[in-house]
Amino acid sequence: AVLRLGRAVLAGARGQWSERFVPTGHALRAMERVAVAVQMAEPVLLVGETGGGKTSLIQQLAGLLGQRLLVQNL
């Protein structure tokens, strides 16, 4: 299956949207940017306030792609 997020197209989508993730416009635009970086095999650094949804966004994207995710809080 294919996951399409705006201009990003990622193959291998196997998961479903989590009930805990709220796909607001802001969250979807951020997810699209991260998905484009994943598509282009580019590293990503997410910076922002505590509770801004950075980890949730990555967890949702990994879940949609059926990828294992290891979270390390620094």
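Structure shown above.
Residues numbered from 1 in each chain as written. Predicted model: local features only at pLDDT ≥ 70, side-chain atom pairs only at ≥ 80, totals over all residues. Heavy atoms only, no water.

**Brief notes about the pairing of strand S1 (residues 2-5)**
Reasoning step 1: Burial along S1 is one-sided: Leu-3 and Leu-5 are buried, while Val-2 and Arg-4, pointing the other way, are not.
Reasoning step 2: The pairing of S1 with strand S2 (residues 8-11) spans four bridges and is classified as antiparallel. For Leu-3, the partnering residue across the bridge sits in S2 and is Leu-10.
Reasoning step 3: In textbook terms, the turn of a hairpin is the stretch between consecutive antiparallel strands, and for S1 and S2 this stretch comprises two residues, one of which, Gly-6, has a positive phi near 60°. (Buried < 20%, exposed > 50% of the residue type's maximum accessible area, 1.4 Å probe, protein only. Helix = DSSP H or I, 4+ residues; strand = E, 2+ residues; numbered from the N terminus. Pairing = 2+ DSSP bridges.)

**Points about helix H1 (residues 25-39)**
Reasoning step 1: Between the first and last C-alpha of H1 there are 21 Å, a value that for 15 residues agrees with the 21 Å anticipated at 1.5 Å per step.
Reasoning step 2: For H1, the set of buried residues is Ala-27, Met-31, Glu-32, Val-34, Ala-35, Val-36 and Ala-37.
Reasoning step 3: Buried positions along H1 lie against S1, S2 and helix H2 (54-65).
Reasoning step 4: Just downstream of H1, Ala-41 is the residue with a positive phi angle, here 55°. (Expected span 1.5 Å × (residues − 1). Contact = heavy atoms within 4.5 Å.)

**Describing the nonpolar core**
Reasoning step 1: Grouped together as the largest cluster of nonpolar side chains are 15 residues, with contacts concentrated most on Leu-3, Leu-5, Leu-10, Met-31, Ala-35, Leu-61 and Leu-65.
Reasoning step 2: Breaking this core down by element, the ones donating at least two residues are S1, S2, H1 and H2.
Reasoning step 3: With residues up to four places along the chain from it excluded, the contact list for Leu-10 reads Ala-1, Val-2, Leu-3, Ala-35, Val-38, Gln-39, Leu-61 and Leu-65. (Core = buried A, V, L, I, M, F, W, Y, C linked by side-chain atoms within 4.5 Å.)

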